[in-house]
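# Commentary on secondary and tertiary structure
Below, each chain spelled out in residue letters.
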Amino acid sequence: MQEFIYSSLPSRVVFGRGSLAALGREIELLGAGRVLVLSTPGHGDQAQAAADSLGARAAGVFAGAVMHVPAEIARAAGDEARRLHADCTLAMGGGSTIGLAKAVALDLGLPILAVPTTYAGSEMTPIYGITEAGAKKTGRDARVLPRTVIYDPDLTLGLPAGLSVTSGMNAIAHAAEGLYARDGNPIMSLMAEEGIRALAQALPAIQRRPGEIEARDAALYGAWLCGTVLGNVGMALHHKLCHVLGGTFNLPHAETHTVVLPHAIAFNAQAAPEAMQRIRRALGIEGSASAAAGLFDLARDHGAPVALKDIGDITEADMAKAADLVVGAPYWNPRPIDAAQRAGIHRLLLDAYHGNRPA
Ligand SMILES: NC(=O)c1ccc[n+]([C@@H]2O[C@H](COP(=O)([O-])OP(=O)(O)OC[C@H]3O[C@@H](n4cnc5c(N)ncnc54)[C@H](O)[C@@H]3O)[C@@H](O)[C@H]2O)c1
Ligand SMILES: O=C(O)CCC(=O)CC(=O)O
């Protein structure tokens, strides 16, 4: 057995169909009396309904969350929280909304109650990301970890099939990198493998029938596990690539993870054989396909994009700039990233750009 250190993060999870009904009780347990409800612009009505259900404990609604948390939006939400004398935020939505709550927590120390409606996993992590002047800055801070998370699969029934698959792949990416994290441990590996298995089984069912609650339930369970892994152990090359592509080239988050993951896994395959075995097992691969090819097939066969050129305003020439940014400030990786790897990273990005299936 490898040597390891295991410490768990303090958060309370309420899971199950209809669990949003426990919102009032959970806010009361947090001792909050002036809750600012956050959402994206498209979900202002849902946020308002949650605020209405809280009655006098609600201070207001800020429905301005935007992907990758632009710094000016974070400042505007913080100003609104100050103006309303908020003592807590309720983040109802995907990673963008939860990310905005985290930016407010970083600024004002307000506790977060998160109600995730995608599979991105941010609700289980003390990781924040804020984008300013074309660069995404990420960090870890205990203040941004949501205190309470309500997982209600009913709220995910309206998530379109396409976004469900890419968001699920985003979650799978957290677990896949957790399997070879520098600070990995056996508990996180168990969670990672189970999280990938749950999502790999649920996503095809959701794509066939987006309204099937059993599959939604399993996907949210998988997202919880994968998010927990991301929160507890370090990220590596795959996340670095996605942070550069999202922060600098404004590519959509979940789609970028979906396209890049097979290529990052292929790049790391020889350096992390046990992780590859676990990913293959979790994906249910019986033949000779690699973990990387299995992930590519899971995305391609269920309607998700597999090429960067198809998901945003980005050119083949941008891949060289992205490679420079990744190599210039790398995250730890099982296959170390230094200047000598630049050509390999550039090749990886070109494969992702064109949507080539990894061997
Ligand atoms: N810090 C972390 O640990 C962490 C982890 C994962 C992702 N993130 C961040 O999260 C962001 C991406 O989050 P995301 O992929 O969840 O996307 P998102 O939150 O931007 O949501 C995507 C779109 O789907 C809509 N939506 C959300 N839930 C819905 C539902 N149930 N039904 C219908 N529509 C719904 C949203 O309104 C939005 O328009 C990125 O900024 C990323 O960096 C952070
Ligand atoms: O933008 C953030 O909040 C960081 C995102 C992160 O670390 C996980 C991810 O890329 O999905």
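Residues numbered from 1 in each chain as written. Chains lettered and ligands numbered in written order. Predicted model: local features only at pLDDT ≥ 70, side-chain atom pairs only at ≥ 80, totals over all residues. Heavy atoms only, no water.

### A few points about the UniProt feature "domain: Fe-containing alcohol dehydrogenase-like C-terminal" (unreviewed entry) in the chain
Here the UniProt-annotated "domain: Fe-containing alcohol dehydrogenase-like C-terminal" (unreviewed entry) positions come out as residues 165-340. Spanning residues 165-340, this segment combines 67% helix with 0% strand, and its end C-alpha atoms are found 35 Å apart. (UniProt positions renumbered as here; feature names shortened; annotations may be inferred. Helix = DSSP H or I, 4+ residues; strand = E, 2+ residues; numbered from the N terminus.)

### Some thoughts on the pairing of strand β2 (residues 35-38)
The two faces of β2 match: Val35 and Val37 on one face and Leu36 and Leu38 on the other face are all buried. Of the pairings in the sheet, the one linking β2 to strand β3 (residues 58-62) comprises four bridges and is parallel in character. Among the inter-strand pairings, Leu38 is bridged to a residue of β3, identified as Phe62. Where the polypeptide runs from β2 across helix α2 (residues 44-54) and back to β3, its parallel neighbour, the crossover connection is right-handed. Both β2 and strand β4 (residues 88-93) contribute to a ladder of four bridges, which runs parallel. Bridge assignment links Leu36 to a residue of β4, and that residue is Thr89. (Buried < 20%, exposed > 50% of the residue type's maximum accessible area, 1.4 Å probe, protein only. Pairing = 2+ DSSP bridges. Right-handed = clockwise from strand over helix to strand, strands pointing away.)

### As for the sheet that holds strand β1 (residues 12-15)
Pairing is parallel in the open sheet, where six strands are placed in the order β1-β8-β5-β4-β2-β3. Every other strand in the sheet has two partners, leaving β1 and β3 as the edge strands with one partner each. Along the sheet, successive strands turn relative to each other by an average axial angle of 15°, direction set aside. Along the sheet face, helix α1 (residues 23-30) touches β1, β2, β4, β5 (112-116) and β8 (148-151) and points at about 170° away from the line of β1. Packed on one face of the sheet, helix α4 (residues 95-108) meets β2, β3, β4 and β5 and runs near 165° to β4. (Axes fitted to C-alpha atoms, helices over the stretch in contact; angles between N-to-C directions. Contact = heavy atoms within 4.5 Å.)

### What to know about α1
For α1, the full list of buried residues reads Leu23, Glu26 and Ile27. Here the buried residues of α1 occupy an arc of 100° about the axis, which is enough to place them on one side. Away from its buried face by more than 90 degrees, α1 exposes Glu28 and Leu29. If you follow the buried residues of α1, they end up packed against β1, β2, α2, β4, β5 and β8. (Arc of directions from axis to C-beta.)

### What to know about the pattern of salt bridges
Scanning the model with the defined rule gives 19 salt bridges in all. The closest approach of N and O atoms between Arg17 and Asp154, which form a salt bridge, is 2.8 Å. Taken as a pair, Arg17 in the loop between β1 and α1 and Asp154 in the loop between β8 and α5 (161-178) lie far apart in primary sequence, 137 residues in all. On the basis of relative accessibility, which here comes to 52%, the residue Arg17 falls in the exposed class. Since its relative accessible area comes to 28%, Asp154 is described here as partly exposed. A salt bridge links Lys309 to Asp310; the shortest N-O distance between them is 4.0 Å. You can call Lys309 partly exposed: its relative accessible area is 38%. Connected via shared salt-bridge partners are Glu193, Glu194, Arg197, Glu274, Arg278 and Arg281. (Salt bridge = Lys/Arg side-chain N within 4 Å of Asp/Glu carboxyl O.)

### Describing the packing of aromatic side chains
Tallying each qualifying case throughout the model produces three aromatic pairs. With centroids separated by 5.7 Å and ring planes inclined at 40°, the aromatic side chains of Phe15 and Tyr151 adopt a geometry described as tilted. Taken as a pair, Phe15 in strand β1 and Tyr151 in strand β8 lie far apart in primary sequence, 136 residues in all. Through a chain of ring-to-ring contacts, the aromatic side chains of Phe15, Tyr151, Tyr221 and Trp224 assemble into a single cluster. (Phe/Tyr/Trp six-rings, centres within 6.5 Å; stacked < 30°, edge-to-face > 60°.)

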